[in-house]
Amino acid sequence: MSAYHLSESKSIAMMKFLALCFFVISLINIPIAEARIRHYKWELKYEYKSPDCYKKLVITINGRTPGPTILAQQNDTVIVEVKNSLLTANTAIHWHGIRQIGTPWFDGTEGFTQCPILPGDTFVYKFVVDRPGTYLYHAHYGMQREEGLFGSIRVALPDGESEPFAYNYDRSIILTDWYHKSTFEQAVGLSSIPFQWVGEPQSLLIQGKGRFDCSAANPPMKADVCNNTNPECSLYSTTVVPGKTYRLRISSLTALSALSFQIEGHNMTVVEADGHYVEPFVVKNLFIYSGETYSVLVYTDQDPARNYWVTTNVVSRNATATTPPGLAVLNYYPNHPRRSPPTIPPSGPMWNDVDSRFNQSVAIRARKGHVYSPPATSDRVIVLLNTQNQVNGKTRRWSVNNVSYDIPHTPYLIALKENLLHTFSQTPPPEGYDFANYDINVVQNNTNATTSDAIYRLQLNSTVDIVLQNANTMNPNNSETHPWHLHGHDFWVLGYGKGKFDPINDPKKYNLVDPIMKNTVPVHPFGWTAFRFKADNPGVWAFHCHIESHFFMGMGVAFEEGIERVGKLPSSIMGCGETKHLLKP
Ligand SMILES: O=C1O[C@H]([C@@H](O)CO)C(O)=C1O
């Protein structure tokens, strides 16, 4: 008998065996594929693109920015093979909102959980998406995210389960701001003496598309650099059919800007925030901060004879003269998708209307029937004063409790697990600030801060309260909005306040009844924000301002819990700093 016949008879036997297995499984009614593997292969490249008509280097994933959407179902395992073809740049990718339970080494945070991925190398991330909802991924190396390395993660409920709201169609839209300078130029400017601020972005992008007015460029730009007729920068247009409900998953990954988002003539019902169901409320405009995700329901009940503007505007910073609103088109079928709406795009709210933004933050509550109650008390309270500072009287930085944060060269996770404690400061960072003597409303006489890469070590399974206290910057009568993002956990948002947090009376007003759980939360100008979380995820986790330049300038901290419970680290995360020695045979 030939080899061919041998293998053929073997495969027939195998097919018979499989058919028998399926038959037995169907008899005892076991679901066959419970959790699946979602395998992605990505190649990262720098390419010349013109997302807002201005041509510059952009990071693409498989040729695109935003990158491919990761689509998965609850409890699936996601595997992403990342090939770094950036030629001259390192990278790391963070899975924003995914808690990485049991895989803290795949959080993708350079300096915290892994060494950077070198040009030419392929790094394989593998993690479980354990909750349904809207999440993100993006670069977490230097300020690389703002070059276009980001995308959406959409985790669906298991088969047979449904959301507590109904909709006909599901769409993801990422909002970003866009700079014409490269991240390299910005990083050098921020760390130079004299300090060079990145300034306001040149445009706002909706799902990777925007419009910079080339004719207004000063000095003038040639057509091969900026060209408003380039089809690459035609506005994003999303087609809808009349009389349907659309779930729009709106997220923000801006480098700097806080945004307002609206759809001309349509109200939006907010139903999800950072992967948690929201007690529905209706808005005309949604305020959204970098690192947040929302789902809104939009009913297409307007005149179907035309299209409508989708707009986004900068709020919280005065960018009226520098950053035009971002535009896109809500295309009512069968109008042409590129047909401009017949109206002037609606203007957004006033940039300095803090109250409206504050009120929207407070309005976000957990949906009835989906409330996870927080522990009634906490074991530890850490107050983090947010300030703008100088270091050595020269470099402009941001600090918490007067300590400006530096990312270590040897990732903490490896340093702690392998006992390389000399690689970062062992002096614990401060739990609070000089409450009695610090006036948050004025520029300080002494704006100096120190730098440190020390970490907060949390008791495993303890309950921790964080109070973010905002303050005046180094400019008179100025306080900014900072969206803070916690890795590895969700937290209960207990309250927002104006002015100085009162440690005796304000906790009495905490919302312990229906607080929303989030992973990113704003602290409003001159205000405070309090949240609670359970330190129940062994690993080392970043907690930082999601503004690229602010984290770069030191606005962050690190939390460690249960390092002794972390399993064997994969050697793929090693290779930099002191971890080099661990790779020796
Ligand atoms: O970090 C920042 O620096 C500038 C400005 O304060 C510099 O003067 C600004 O607006 C920031 O957010």
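Conventions adopted
Per chain, the residues get numbers from 1 upward, laid out in the order the sequence is written. Since the coordinates come from a predicted model, pLDDT governs what is reported: local features require at least 70, and pairs of side-chain atoms require 80 or more to be given and counted, while whole-chain, interface and lining totals use all residues. Side-chain measures here rest on the full set of heavy atoms in the structure, leaving out hydrogens and waters. UniProt positions are given in the numbering used here, feature names are shortened, and annotations may be inferred rather than shown by experiment. Distances are taken per atom, and a residue is near a molecule or strand as soon as one of its heavy atoms is within 4 Å of it. Here a polar contact is taken to be a pair of N or O atoms separated by no more than 3.5 Å, where protein atoms must pair a possible hydrogen donor with a possible acceptor and residues adjacent in sequence count only if both atoms sit in side chains. Residue burial considers only the protein chains on display, and all accessible areas are found by Shrake-Rupley using a 1.4 Å probe. Side-chain classes follow a simple rule in which Ala, Val, Leu, Ile, Met, Phe, Trp, Tyr, Cys and Pro form the nonpolar group, Asp, Glu, Lys and Arg form the charged group, and the remainder, Gly included, forms the polar group. Per the annotation, domain bounds derive from an automatic or database assignment of domains. The contact rule is simple, with two residues in contact once any of their heavy atoms fall within 4.5 Å. By buried area we mean how much accessible surface two parts lose on assembly, using a 1.4 Å probe and totalling the loss over both. Salt bridges are defined as contacts in which a side-chain nitrogen from Lys or Arg sits within 4 Å of a carboxyl oxygen from Asp or Glu. Put simply, two rings from Phe, Tyr or Trp (the six-membered ring, in Trp's case) pair if the centres are within 6.5 Å, and we call them stacked under 30 degrees between planes, edge-to-face over 60, tilted for the rest. Secondary structure elements follow DSSP: runs of H or I no shorter than four residues count as helices, runs of E no shorter than two count as strands, and numbering proceeds from the N terminus. Buried means the residue's accessible area, taken with a 1.4 Å probe over protein chains only, is under 20% of the maximum for its type, while exposed means over 50%, and partly exposed covers the values in between. Pairing between two strands is assigned when DSSP locates at least 2 bridges connecting them. Lines are fitted to the C-alpha atoms to define the axes, a helix being fitted only along its stretch in contact, and any angle between axes, read from their N-to-C directions, falls within 0 to 180 degrees. By disulfide we mean two sulfur atoms from cysteines, separated by a distance within 2.5 Å.

- By the naming in an unreviewed UniProt entry, the protein chain is L-ascorbate oxidase, taken from Salix purpurea.
- Note on the protein chain: under the UniProt heading Sequence similarities (unreviewed entry), the record states "Belongs to the multicopper oxidase family."
- Its UniProt record, at the heading Catalytic activity (unreviewed entry), says of the protein chain: "4 L-ascorbate + O2 = 4 monodehydro-L-ascorbate radical + 2 H2O".

### A word on the site of the ligand
Right, on to step 1. Every residue lining the ligand is accounted for by Trp197, Arg317, Gln388, Arg396, Trp398, Asn475, Glu480, His550 and Met553.
Right, on to step 2. One of the side-chain N or O atoms of Arg317 is found 2.6 Å from an oxygen atom in the ligand.
Right, on to step 3. In the model, an oxygen atom of the ligand is placed 2.8 Å from a nitrogen or oxygen of the His550 side chain.
Right, on to step 4. In the complex, the protein chains occlude 85% of the 310 Å² of accessible area that the ligand would expose alone.
Right, on to step 5. Grouping the amino acids of the shell around the ligand by side-chain chemistry returns three nonpolar, three polar and three charged.

### So, the domain arrangement of the protein chain
Right, on to step 1. Taken domain by domain, the protein chain comprises domain 1 (1–31 + 163–366), domain 2 (35–156) and domain 3 (380–582).
Right, on to step 2. In this complex, domain 2 contributes 28 residues to the contact, which on the side of domain 3 involves 39 residues.
Right, on to step 3. When the buried area of domain 2 at its contact with domain 3 is split by residue, Trp105, Phe112 and Cys115 rank highest and sum to 30% of it.
Right, on to step 4. Across the contact surface, domain 2 and domain 3 share two salt bridges.
Right, on to step 5. Across the salt bridge formed by Asp490 and Arg131, the nearest N and O atoms sit 2.2 Å from each other.
Right, on to step 6. For the pair domain 2 and domain 3, the number of links is 17 residue pairs in polar contact (both at pLDDT 80 or more).
Right, on to step 7. When the residues that make up the side of domain 2 that touches domain 3 are grouped by side-chain class, the tally is nine nonpolar, 13 polar and six charged.

### Focus on the packing of aromatic side chains
Right, on to step 1. For the structure shown, the criterion picks out 31 aromatic pairs.
Right, on to step 2. Aromatic pair Phe106 and Tyr125: ring centres 6.1 Å apart, planes at 70°, arrangement edge-to-face. With a gap of 19 residues between them, Phe106 in the loop between β5 (93–96) and β6 (122–129) and Tyr125 in strand β6 connect regions that are remote in the sequence.
Right, on to step 3. Judged by relative accessible area, Tyr125 falls into the buried class, the value being 0%.
Right, on to step 4. Residues Tyr405 and Phe551 carry aromatic rings whose centres are separated by 6.3 Å and whose planes lie at 5° to one another, so their mutual orientation is stacked.

### Things to note about the sheet that holds strand β13 (residues 258–263)
Right, on to step 1. An order of β11-β19-β18-β13-β16 is seen for the five strands of this open sheet, with the pairing classed as mixed. In the strand order of this sheet, the two ends are held by β11 (237–240) and β16 (285–288), each with one partner. Averaged over all pairs of adjacent strands, the angle between their axes in this sheet comes to 20°, without regard to strand direction.
Right, on to step 2. As paired strands, β13 and strand β18 (residues 308–315) are joined by six bridges and run antiparallel to one another. Note on β18: the bridge partner recorded for Gln262 is Thr311.

### Observations regarding the state of the cysteines
Right, on to step 1. Taken as a whole, this structure holds three disulfides when the rule is applied.
Right, on to step 2. Between the sulfur atoms of Cys53 and its disulfide mate Cys233 the distance is 2.0 Å. With the S-S dihedral at roughly 100°, the linkage between Cys53 and Cys233 falls on the right-handed side. In this pair, Cys53 is assigned in the loop between β1 (37–49) and β2 (56–61) and Cys233 in the loop between β10 (203–206) and β11, connecting sequence segments 180 residues apart.

### Section: the sheet that holds strand β8 (residues 150–156)
Right, on to step 1. Across the sheet, which stays open at both edges, the four strands sit in the order β3-β8-β7-β5 with mixed pairing between neighbours. Strands with a single pairing partner mark the edges of an open sheet, and in this sheet they are β3 (70–73) and β5. Here the strands of the sheet are splayed against their neighbours by 20° on average, with no regard to which way each runs.

### A look at the environment of Leu582
Right, on to step 1. Here Leu582 shows up in the segment after β32 (556–561).
Right, on to step 2. Overall, the relative accessible area of 33% leaves Leu582 in the partly exposed class.
Right, on to step 3. Linking Leu582 and Ser571, residues eleven residues apart in sequence, is a C-alpha distance of 8.5 Å.

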